[in-house]
Amino acid sequence: NAPIFGIDAKGRVNEWNNKAAEITGFTRTEVMGQNLVEVYITEEYRVSVKEVLDNALQGREAANFEFPLFTKDQRRVEVLLNATTRKDVSGNVVGVLGVGQDITERKSAEAEQARVAQELQTFIDTANAPIFGIDAMGLVNEWNNKAVDITGFTRDEVMGQNLVEVYITEEYRVSVREVLDNALSGQEAANFEFPLFTKSEKRVDVLLNATTRRDVSGKVVGVIGVGQDITERKEAEEEKTRVAKELQNFIDTANAPIFGIDAKGRVNEWNNKAAEITGFSSKEVVGRDLVQDFITEEYRVTVKEVLDDALQGREAANFEFPLYTKDKRRVEVLLNATTRRDVSGNVVGVLGVGQDITERKTAEAEQARV
């Protein structure tokens, strides 16, 4: 009642019993003379199975070696194998006899046990994150040490309390309740942000994953929430926002014309000085092609080349070109073109910081004339 196969010294099948045929769907006629490993073992297991069989051909037998067989209809069958060396009457090794056991059901049960164990292990592994649980009524039934540490509320204080009503501030109750109610309906949530206020009234920003909790029959019995204290990250984001606003303010109020283009050459930055010098407001230029719309024809090629170079990371300093204003006056500009990148380092545009050198150029021309 066990699958039994045999191979010769070259790995070709020479034994294939009824149970092996029943389990795999391959008849004895189909497999005899075929290379067992190359034909019937999936690629990722060929090396390990061949090693076991080769060892047995060297007299080193194997017991309880597990590997999968794939049947004729592509079902996976888990097999526990004992590989025994086969010898002739003179004691010469002539092949291997493999006696197997179909352990597919046992492996499925083990896999389920492993899944449950892994779930528990995950909770243990993430113990440095605040973890809470609620039952189907929204009452707290899980509150780990990190949750205690962050909030200041002990497990005894919170167990049995309504999480939303007692521990969430009023303006966030509706949104937090909605997330938890959704999870109780099987619609889980990832990366939901909300603030918790601690026992000492300190605000803690939490990033929450809300997972539906079920019993062995699959019935929803509550929600498990795994959080992450992102207070420092939020503070850092706020600081970045402050710095960005400060930089934007600096650009807007700088005493030099500053413009920016995106990767397609469209204006996405136009400060007050650029507006003052050219007569074009930010609203008039943003989204338009800088070179095509605001550079005179004879300079378009060279200006485009400088900007294209900057979009390739080759920045330019002290490049001179003329801009024509809204009232057709010529303004001479000395330009530094700097590559603009996103947080991942990808080029997203060019920032140009200019200097109005019209008066200087006029003076130089006058000196040259004299």
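Before reading on, note that the structure itself is shown above.
This is a predicted model, so every value here is computed, not measured. (Residues numbered from 1 in each chain as written. Predicted model: local features only at pLDDT ≥ 70, side-chain atom pairs only at ≥ 80, totals over all residues. Heavy atoms only, no water.)

Draft legend 1. A negative patch on the surface, seen in detail. Together, Asp229, Glu232, Glu235 and Glu238 line one region of the surface with negative charge. No other element matches the 3 residues that helix H10 (residues 231-253) contributes to the negative patch. Counting through the fold element by element, aspartate 229 comes out in strand E10 (residues 220-229). (Patch = residues over 30% accessible without salt bridge, like charges linked within 9 Å, V, L, I, M, F, W, Y side chains within 5 Å. Areas by Shrake-Rupley, 256 points an atom, 1.4 Å probe, with all protein chains shown as cover. Salt bridge = Lys/Arg side-chain N within 4 Å of Asp/Glu carboxyl O. Lys, Arg positive; Asp, Glu negative; His and termini not counted. Charge placed at Lys NZ, Arg CZ, Asp CG, Glu CD. Helix = DSSP H or I, 4+ residues; strand = E, 2+ residues; numbered from the N terminus.)

Draft legend 2. Just the sheet that holds strand E1 (residues 4-8), in detail. If you walk across this open sheet you meet the 5 strands as E2-E1-E5-E4-E3, and the pairing is antiparallel. Only two strands of the sheet have a single neighbouring strand rather than two, namely strand E2 (13-16) and strand E3 (62-70). For this sheet, the mean inter-axis angle between neighbouring strands, taken without regard to orientation, is 30°. As paired strands, E1 and strand E5 (residues 93-102) are joined by 5 bridges and run antiparallel to one another. Looking across to E5, one finds that isoleucine 4 is bridged to valine 99. Seen against the sheet, helix H4 (residues 43-57) touches E1, E3, strand E4 (76-87) and E5 and runs at an angle of roughly 140° to E3. (Pairing = 2+ DSSP bridges. Axes fitted to C-alpha atoms, helices over the stretch in contact; angles between N-to-C directions. Contact = heavy atoms within 4.5 Å.)

Draft legend 3. Broad picture of the packing of aromatic side chains. Under the defined criterion, the tally for this structure stands at 9 aromatic pairs. Each ring, one from tryptophan 270 and one from phenylalanine 294, has its centre 6.1 Å from the other, and the planes form 35°; the classification is tilted. Residue tryptophan 270 is found in strand E12 (residues 267-270), and its partner phenylalanine 294 is found in helix H13 (residues 290-294); the two are separated by 24 residues along the sequence. Side by side, tryptophan 270 and phenylalanine 294 carry an identical accessibility label, which is buried. Taking the centre distance of 5.0 Å and the plane angle of 70° together, the rings of phenylalanine 280 and phenylalanine 294 count as edge-to-face. (Phe/Tyr/Trp six-rings, centres within 6.5 Å; stacked < 30°, edge-to-face > 60°. Buried < 20%, exposed > 50% of the residue type's maximum accessible area, 1.4 Å probe, protein only.)

Draft legend 4. View of unusual backbone geometry. Phi at glutamine 74 is positive, roughly 70°, even though this residue is not glycine. Within the secondary structure layout, glutamine 74 lies in the loop between E3 and E4.

Draft legend 5. Molecular detail of the environment of phenylalanine 192. Residue position: phenylalanine 192 is located in strand E8 (residues 189-197). Between the C-alpha atom of phenylalanine 192 and that of alanine 210, which follows or precedes it by 18 residues, the distance is 8.3 Å. In this structure phenylalanine 192 touches Ser175, Val176, Val179, Val206, Leu207 and Leu208, once residues within four positions along its chain are discounted.

Draft legend 6. Seen up close, the layout of surface pockets. Volume-wise, the largest pocket comes out at about 280 Å³. Forming the boundary of the largest pocket are 12 residues, of which Arg115, Val116, Glu119, Arg213 and Arg214 lie nearest the centre. Going through the elements one at a time, helix H5 (104-125) and strand E9 (203-214) are the ones with two or more residues in the lining of the largest pocket. The element contributing the most residues to the lining of the largest pocket is H5, with 5 residues. (1 Å grid on protein atoms, 1.4 Å probe; cavity = no way out; pocket = protein on both sides within 12 Å on 5 of 7 lines; lining within 4 Å. Points joined across faces, edges and corners; volume = space filled by probe spheres on them.)

Draft legend 7. The arrangement of the sheet that holds E9 in detail. The strand order across the open sheet built from 5 strands is E7-E6-E10-E9-E8, with neighbouring strands paired in antiparallel fashion. Whereas interior strands pair on both sides, the edge strands pair on one side only; in this sheet they are strand E7 (140-143) and E8. When the angles between neighbouring strand axes are averaged without regard to direction, this sheet yields 30°. Relative to E10, strand E6 (residues 131-135) is paired through 5 bridges, and the arrangement is antiparallel. Along E10, the bridge assignment pairs isoleucine 134 with valine 223.

Draft legend 8. How the structure looks around the nonpolar core. Counting residues in hydrophobic clusters, the biggest one holds 26 residues, and the most contacted among them are Trp16, Leu36, Leu53 and Phe67. Listed by contribution, the elements that provide at least two residues to this core are E1, E2, helix H1 (18-24), helix H3 (36-40), H4, E3 and E4. Per element, the largest residue contribution to this core is 5 residues, and it comes from H4. (Core = buried A, V, L, I, M, F, W, Y, C linked by side-chain atoms within 4.5 Å.)

Draft legend 9. Broad picture of the pairing of E10. Bridge count for E9 against E10 is 9 bridges, and the pairing is antiparallel. Bridging across to E10, asparagine 209 finds its partner in valine 226.

Draft legend 10. Representation of the environment of leucine 334 within the structure. With respect to the secondary-structure elements, leucine 334 resides in strand E14 (residues 330-341). Given a relative accessible area of 13%, leucine 334 falls into the buried group. Distance in space between the C-alpha atoms of leucine 334 and phenylalanine 319 is 5.5 Å, their sequence separation being 15 residues. Excluding anything up to four places from it in sequence, leucine 334 contacts Asn318, Phe319, Glu320, Val353, Gly354, Gln355 and Ile357.

Draft legend 11. Molecular detail of the side chain of aspartate 205. The residue aspartate 205 is located in strand E9 in this model. The exposure class assigned to aspartate 205 is buried, which follows from its relative accessible area of 10%. Among the polar contacts listed, one links the side chain of aspartate 205 to the side chain of arginine 203, at a separation of 3.2 Å. Those residues in contact with aspartate 205 that sit more than four places away from it in its chain are Phe194, Pro195, Gln228, Asp229, Ile230, Thr231 and Lys234. (Polar contact = N/O pair within 3.5 Å; in protein donor to acceptor, adjacent residues only side chain to side chain.)

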